[in-house]
Amino acid sequence: MAKILGGITTSHIPAVGNAIANGLQEDPYWKPFFDAYPPIHEWLAKVKPDVVINIYNDHGLGFFLDQMPTFAIGAAHEYKNEDEGWGLKPLPPFPGDAKMSWHIIEGMVKQEFDITSCQELAVDHGFTVPMQLFWPGLGDNPDMPRAIPISANTVQHPIPTLKRALDFGKALRKSIESYPDDVKVVVLGTGGLSHQLDGERAGFINKEFDLMCMEKIVSDPEALTKISRHELVRQAGAQGTEFLMWMMMRGALGDNVKLLNQNYHIPISNTGAGTMLLECV
Amino acid sequence: MSLEEFDHHTPIPGTTIFNGEMAMKGYALNKMCYSFNAAEARAEYLQDPAAYYAKFELTDTQIQACENKNVLELIAAGGNIYYLAKFAGIFMLSVQDVGAQQTGMTTEEFKEKLLRAGD
């Protein structure tokens, strides 16, 4: 049977992809951010997941406003990135696990999450940057697991509630754990933390709120479901709503988790960057 | 669930909630910006912006906001920042440049503001 080993959160800022491409890990601006990742690499090298469920939010590559799924699950044999408007180069394709995708899709709909299935899905920086952070070298890295992307809408309101995001994760856990094959799974919650790119409030970062979220998500994620979506925008910034991905990931980890590593750094680009490694117990 | 959950109109200063109303208002503009994912589309735009606006049936207000490269005007015209980022990409503007323009700062001042958020 499939087993969930743990979850990892990270910001997925496009600038991080540029920093990796330019080898800036030791640069004074970047070092406090990249220093969070070697302990996660060590953990991944130890537990060696077969599959990564990469929960991210598309930013206008895979989906447009013509058809905007609230929750979409990849069901492809492989996933490719594409240019997002500023000349991004193609990365090697990310191998998928279509058989497991369809098992998860069956499981989610059975639990009354009426998701969108995607046999083709262009994956953007929300998906690729975390893959680059956790499995440096990507296709050249023999430990890179097969990937299943899950995207939630944070582009256009109404976005899901925090409770719905957490419940999605709980249903995802059941869907994964009912998979008959012996695969080891890690779940990524990517994006956030607080940031706002648009409007006169651009540049808004809320350290106090971010740190509260990082504390509560470990021990009491249910408390975070009391935050309304409007309040989330107010406290985390217009794009800080990406915290929903963290809630989805957390729901998939079960009641009790052990915090193995965390880091918080301001600023990376316009964002409060949070990284957490949570192991299922 | 509290009623506040349904109140989309409690203003958050300096923030536009991109909801259905804005998504309808900005559809043509955002659709044009979405096309800029492709390098060929960006080149076609630069060759003849007016023809490109016409192709996507932008409103006069949206065209003027594009010509002004004014992010606050683009947002008011229904632009969504994730798609506008692709428009900004044509002109090699970073998110700090975009933030600086919206807050009336220089890019260096805006970067300094971000650094201070960590204090």
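Conventions used here
Residues numbered from 1 in each chain as written. Chains lettered and ligands numbered in written order. Predicted model: local features only at pLDDT ≥ 70, side-chain atom pairs only at ≥ 80, totals over all residues. Heavy atoms only, no water. Helix = DSSP H or I, 4+ residues; strand = E, 2+ residues; numbered from the N terminus. Rg over C-alpha atoms; globule rule 2.2 N^0.38 Å. Contact = heavy atoms within 4.5 Å. Areas by Shrake-Rupley, 256 points an atom, 1.4 Å probe, with all protein chains shown as cover. Lys, Arg positive; Asp, Glu negative; His and termini not counted. Charge placed at Lys NZ, Arg CZ, Asp CG, Glu CD. Core = buried A, V, L, I, M, F, W, Y, C linked by side-chain atoms within 4.5 Å. Buried < 20%, exposed > 50% of the residue type's maximum accessible area, 1.4 Å probe, protein only. Buried area = accessible area lost by both parts, 1.4 Å probe. Salt bridge = Lys/Arg side-chain N within 4 Å of Asp/Glu carboxyl O.

This part takes up the overall build of chain A. Each helix and strand counted, chain A has 10 helices and 10 strands in total. Its C-alpha atoms give chain A a radius of gyration of 17 Å, near enough to 19 Å, the size a compact globule of 281 residues would have. Counting only C-alpha atoms, chain A reaches 50 × 40 × 40 Å along its principal axes. For chain A, the proportion of contacts with a sequence separation of at least 24, taken over those separated by at least 6, is 82%. Of the roughly 10300 Å² of accessible surface on chain A, 50% is carried by carbon and sulfur atoms. Counting 23 positive and 34 negative side-chain charges, chain A places the averaged centre of each group 7 Å from the other.

Here the focus is the nonpolar core. Ranked by size, the top nonpolar core spans 59 residues in total, and within it Ile53, Met100, Phe168 and Leu172 of chain A carry the most contacts. In this view, Met100 of chain A contacts Ala2, Val51, Ile148, Ile176, Tyr179, Val183 and Val185 of chain A; residues no more than four positions away in its chain are not counted.

A few words now on the interface of chain B and chain A. Taken together, the 47 residues of chain B in the interface contact 43 residues of chain A. Both sides together, the interface formed by chain B and chain A hides about 3800 Å², and carbon and sulfur atoms give 57% of it. At the boundary of chain B with chain A, the tally comes to one salt bridge. Listing elements by their share of the side of chain B that touches chain A, those giving two or more residues are helix H1 (20–25), helix H2 (27–35), helix H3 (39–47), helix H6 (71–76), helix H7 (81–90), helix H8 (95–103) and helix H9 (107–116) of chain B. The leading source of residues in the side of chain B that touches chain A is H7 of chain B, at seven residues.

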